[in-house]
Amino acid sequence: MVDTRVVNSSVMERKAEVKNLDFYYGSAKALKSVSMVVWDRRVTALIGPSGCGKTTLLRCFNRMHDLYPGNRYDGEILLDGVNILEKQIDPIEVRMRVSMVFQRPNPFPKSIYENVAYGLRVQGITEKSSLDEKVEKALQGAALWNEAKDRLKEPAYNLSGGQQQRLCIARAIATEPNIVLFDEPTSALDPIATSSIEELMNELKEQVTILIVTHSMQQAARVSDYTAFMYLGEMVEFNETNLLFNKPADQKTQDYVSGRFG
Amino acid sequence: MAQAEFSQSNSQSDYLQQIRASVARRELISRLFGLLGLLVISIATLILIALVAQLFVQGLPRLNWKFFTSFPSSDFNEAGILSAWVGSLLVMLTTMVIAVPLGVAAGIYLEEYAPKNWLAALIEINVTNLAGVPSIVYGLLALGLFSTVLNLGESILTAGLTLALLILPIVIVTTREALRAIPSSLREAAYALGASRWQMIWDHILPYSSGSILTGIIIGLSRAIGETAPLITIGALTFIAFLPPSPIQSQFPFISFEWLTAPFTVLPIQMFNWISRPQPEFQVNAAAAGVVLILLTLTLNAFAIYLRYRLRKGVKW
């Protein structure tokens, strides 16, 4: 049912690979034997109706589930060939390599500068010139430098919602992670802010692998190279975005992308 | 559902009248409760104001510089509260130094580190209950443990430990509540950047909740400053005509902790002592000391509100 043999694989590298992943919230099974590939420096979208497990799957990639008791993984997520779900791998190590942008902008109640610098400070970088340089680079990467360069000391809450979300993106890319996870990053934003975030993802994928959960099929079609359709905790179909939307192999995918349920 | 109930009437105007009657009835009940609440709070406030006003009328004329700089004396005109306010200050200082680190650390542990199981639930119930234990029970515990077993005597240290024990539950509970009020989105944001639990707490949760934690500490201290029973139980003296040794010394090492072992009295005990005298003039002294105590408590509370306001101003989510 799941097609992970994708065309053009000659020029592409596998950044991560999910193999037969089951996930449990306590005794409730939220993911059922999910497998997929995340290609290096591409945007991969996870779509599906509410409760299908797409956010659950996304949060497996940075072991966010470890924060709450009772959660259990069974299966593998290989990041550069190493299973990051292994017990002996510290989730902190995983989160330093796989960063995340959340559904609602959640900047820290600190200055713009400190928000971006936090991930670097956590890793022990204290040298001012190095911090300055990386903060500027991240803000430029998040297309926020021009708006923010004269107000780096201002509280992040002075920014608009769209700017705050771009600040969160800057914060997530400042540490130069391998993968950036986006959990419905535009669901709290207006259309103009949404399109600026989508443009940004297009630019970012030249440097970093992106995995995005989205409610909006149009957004998946606009921003992603690959799309995975999930339903009731299962991976129904995974393919190049235009193939999945135009020539879905599975009837459920067909029904979902044509808007028959959702 | 309401629609179905009312739609039995035939004409539109009947229907409207029924709705209005229903609204009027419910609004009346709502207003009656409002009035009742106003009445109750007015009575409570008036009684409090009357008590404080009476104290001020009686005690305020007695307040002057000399009252603050004199030791207690058998001559009521000479008597002052020097040893009492110095004692209160030193005991509060000791209480704070002991209760704050212990209470905040315990609160952090219980809220952020402790596994959520039956043991944690049991500890939580007990801590909350401890806040309601009568203070004299703490006094008895302190008399046995600190005074006798640890042989600390009737000292400022014993008093500080006792009151610290007394306000520890308050500090723990308010710390936990303050930490719990920080939205999980901020915790997740910190974790997602690779922060360890301690980094998340130290860099984010503690600074964002410091206003509420400080408020809890000050509320605890303002309770401790008025406590009498546990201090009398541990044997605080009611008549002290000397000061504890100064913490600052002229010779090396310049700082001395000898005052910790000194006997002491505090403002409420001084009040208690004067009230139990037969002469009416000592009642005036007691009222004056009461005014000082109330002003101290109000100042502490005002400070707590100010801190909460200041520290909250930059922090919103």
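Numbers given for residues are sequential positions, taken from 1 along each chain in its written order. Chains and ligands are labelled by the order in which they are written, letters from A for the one and numbers from 1 for the other. With pLDDT at 70 or above as the cut-off, local features in this predicted model cover only qualifying residues; side-chain atom pairs require 80 or more to be listed or tallied, and sums for whole chains, interfaces and linings still use all residues.

1. Observations regarding the overall build of chain B
Phase 1: Secondary structure assignment for chain B yields twelve helices and zero strands.
Phase 2: Mapped from its N terminus to its C terminus, chain B presents α and β elements in the order α-α-α-α-α-α-α-α-α-α-α-α.
Phase 3: Counting other C-beta atoms within 10 Å of a residue's own tells you its class, since 20 or more makes it buried, 12 or fewer makes it exposed, and anything in between is partly exposed; those C-beta atoms are placed from the backbone. Relative to its full complement of 317 residues, chain B shows a buried share of 34%.
Phase 4: Taking as baseline every contact in chain B between residues at least 6 positions apart, the subset at least 24 positions apart corresponds to 76%. Segments assigned H or I by DSSP are reported as helices when at least four residues long, segments assigned E as strands when at least two residues long, and all are numbered from the N terminus. Here the contact rule is simple: place C-beta atoms from the backbone, and any two residues whose C-beta atoms are within 7 Å are in contact.

2. Digging into the overall build of chain A
Phase 1: When helices and strands are tallied, chain A shows ten helices and ten strands.
Phase 2: On C-alpha atoms alone, chain A measures out to a radius of gyration of 18 Å, which is about the 18 Å that the 2.2 N^0.38 rule sets for 262 residues.
Phase 3: Summarising its shape, the C-alpha atoms of chain A cover approximately 55 × 40 × 40 Å along the three principal directions.
Phase 4: Looking at chain A alone, contacts between residues at least 24 apart form 70% of all its contacts between residues at least 6 apart. As a reference, a globule follows 2.2 Å times the number of residues to the power 0.38, and the radius of gyration itself is taken over C-alpha atoms.

3. Section: the packing of helix H3 (residues 112–122) of chain A against helix H6 (residues 161–173) of chain A
All names here are of chain A.
Phase 1: To obtain each axis, a line is fitted to C-alpha atoms, and for helices this fit is confined to the stretch in contact; angles are then taken between N-to-C directions over 0 to 180 degrees. One way to put it is that H3 packs onto H6 with a least axis distance of 7 Å and a crossing angle of 30 degrees. Here H3 runs over H6; the crossing is right-handed. Contact residues: Ile112, Asn115, Val116, Tyr118 and Gly119 in H3; Leu167, Ala170 and Arg171 in H6. Less than a right angle of anticlockwise turn of the near helix away from the far helix marks a crossing as left-handed, whereas a clockwise turn marks it as right-handed.

4. Comments concerning the environment of A:Ile92
All names here are of chain A.
Phase 1: When you line up the elements, Ile92 lands in helix H2 (residues 91–97).
Phase 2: By the C-beta count within 10 Å, which is 17 here, Ile92 ends up partly exposed.
Phase 3: Taking the C-alpha atoms as reference, Ile92 lies 18 Å from Glu76; in sequence the two are 16 residues apart.

5. Re the pairing of strand E1 (residues 14–25) of chain A
Residues and elements named next belong to chain A.
Phase 1: Paired strands are those between which DSSP finds at least two bridges. Across eight bridges, the pairing between E1 and strand E2 (residues 28–39) is antiparallel. Across the sheet, Val18 pairs through a bridge with Met36, a residue of E2.
Phase 2: The turn joining E1 and E2, which pair antiparallel and follow one another in sequence, is formed by two residues; a positive phi near 60 degrees is taken by Gly26.
Phase 3: Bridge count between E1 and strand E4 (residues 71–79): eight bridges; the pairing is antiparallel. Within E4, the residue paired with Asp22 across the bridge is Asp74.

6. Observations concerning the nonpolar core
Phase 1: When buried Ala, Val, Leu, Ile, Met, Phe, Trp, Tyr and Cys residues are joined through C-beta atoms within 7 Å, the set is termed a nonpolar core. With 148 residues, the main nonpolar core has A:Ala170, A:Ile173, B:Ile167 and B:Ala289 as its most contacted residues.
Phase 2: It is helix H7 (residues 156–180) of chain B that provides the largest number of residues to this core, a total of 16 residues.
Phase 3: With near-sequence residues (within four places) excluded, A:Ala170 lies in contact with A:Val116, A:Ala138, A:Leu139, A:Gly141, A:Ala142 and A:Leu144.

7. As for the sheet that holds strand E3 (residues 43–47) of chain A
Residue and element names in this part refer to chain A.
Phase 1: Spatially, E6-E7-E8-E3-E9-E10 is the arrangement adopted by the six strands of the open sheet, whose pairing is mixed. Either end of the sheet is taken by a strand with one partner, and the two such strands are strand E6 (98–101) and strand E10 (234–240). Looking at each pair of strands side by side, their axes are set apart by 20 degrees on average, direction ignored.
Phase 2: Pairing analysis gives five bridges linking strand E7 (residues 179–183) to strand E8 (residues 209–213), with the strands arranged parallel. For Val180, the partnering residue across the bridge sits in E8 and is Ile210.

8. Overview of the interface of chain A and chain B
Phase 1: Chain A puts 21 residues into the contact, and the matching count from chain B is 18 residues.
Phase 2: Sorting the residues of the side of chain A that touches chain B by element identifies H2, E6 and H3 of chain A as the ones contributing at least two each.
Phase 3: Here the side of chain A that touches chain B is composed, by residue class, of 13 nonpolar, five polar and three charged. Note on residue categories: nonpolar means Ala, Val, Leu, Ile, Met, Phe, Trp, Tyr, Cys or Pro, charged means Asp, Glu, Lys or Arg, and polar means any other residue, Gly included.

9. Structural notes on helix H8 (residues 184–192) of chain B
Phase 1: Among the residues making up H8(B), those that are buried are B:Arg187, B:Ala189, B:Ala190, B:Tyr191 and B:Ala192.
Phase 2: Those residues of H8(B) that are buried are in contact with H2 and E6 of chain A together with helix H9 (197–224) of chain B.
Phase 3: Downstream of H8(B) by a residue or two, B:Gly194 has a phi angle that is positive, lying close to 90 degrees.

10. Some words on the environment of A:Trp145
Residue and element names in this part refer to chain A.
Phase 1: With respect to the secondary-structure elements, Trp145 resides in helix H5 (residues 145–148).
Phase 2: Along the backbone, Trp145 and Tyr73 are 72 residues apart, and their C-alpha atoms lie at a distance of 39 Å.
Phase 3: Leaving out residues up to four positions away in the same chain, Trp145 has contacts with Glu136, Leu139 and Gln140.

11. Describing helix H7 (residues 191–204) of chain A
All names here are of chain A.
Phase 1: To estimate the expected span of a helix, count its residues, drop one, and scale the result by 1.5 Å. End to end, H7 covers 20 Å across 14 residues, agreeing with the expected 20 Å (1.5 Å per residue, within 8%).
Phase 2: Along H7, the residues that are buried comprise Ile197, Leu200, Met201 and Leu204. Projected onto a plane normal to the axis of H7, the buried residues spread over an arc of 105 degrees and lie on a single side. Exposed side chains of H7 directed beyond 90 degrees from the buried face belong to Pro191, Ile192, Asn202 and Glu203.
Phase 3: Where H7 is buried, its residues touch E3, helix H4 (128–141), H6, E8 and helix H8 (217–223). Our arc is simply the arc of the directions from the helix axis toward the C-beta atoms.

12. What to know about the sheet that holds E1(A)
Residue and element names in this part refer to chain A.
Phase 1: Taken in spatial order, the four strands line up as E2-E1-E4-E5 in an open sheet, and their pairing is antiparallel. Two strands lie at the open edges of the sheet, namely E2 and strand E5 (82–83), each paired on one side alone.
Phase 2: In this sheet, E5 lies alongside E4 in antiparallel orientation, the contact comprising two bridges. By the bridge assignment, Leu78 is partnered in E5 with Asn83.

13. Remarks on unusual backbone geometry
Residue and element names in this part refer to chain A.
Phase 1: Of note, the phi angle at Ser33 is positive, near 45 degrees, even though the residue is not glycine.
Phase 2: A tally of 16 C-beta atoms within 10 Å means that Ser33 is categorised as partly exposed.
Phase 3: Positioned with a positive phi, Glu184 is a non-glycine residue whose angle comes to about 45 degrees.

14. Some words on the domain arrangement of chain B
All names here are of chain B.
Phase 1: Domain borders in the structure are assigned automatically or taken from a domain database. The domains assigned to chain B are domain 1 (2–60) and domain 2 (64–313).
Phase 2: For domain 1 versus domain 2, the separation of C-alpha centres amounts to 41 Å.
Phase 3: Tallying the contact residues gives six residues for domain 1 and six residues for domain 2.
Phase 4: When its residues are assigned to classes, the side of domain 1 that touches domain 2 shows four nonpolar, two polar and no charged.

15. Quick look at the packing of helix H4 (residues 82–113) of chain B against H9(B)
Residue and element names in this part refer to chain B.
Phase 1: The geometry of H4 relative to H9 is characterised by a closest axis approach of 10 Å and an angle of 135 degrees between their N-to-C directions. Viewed along their axes, H4 and H9 adopt a mutual orientation that is oblique. For H4 against H9, the interelement crossing comes out right-handed. Across the interface between the two elements, Met92, Thr95, Met96, Ala99, Val100, Val104, Ile108 and Glu112 of H4 pack against Arg197, Ile201, Ile213, Ile217, Gly220, Leu221 and Ala224 of H9.
Phase 2: Per-class residue counts for the contact of H4 with H9 are eleven nonpolar, two polar and two charged. If an angle is under 35 degrees, it is roughly parallel; if it is over 145, roughly antiparallel; if it lies from 65 to 115, roughly perpendicular; otherwise it is oblique.

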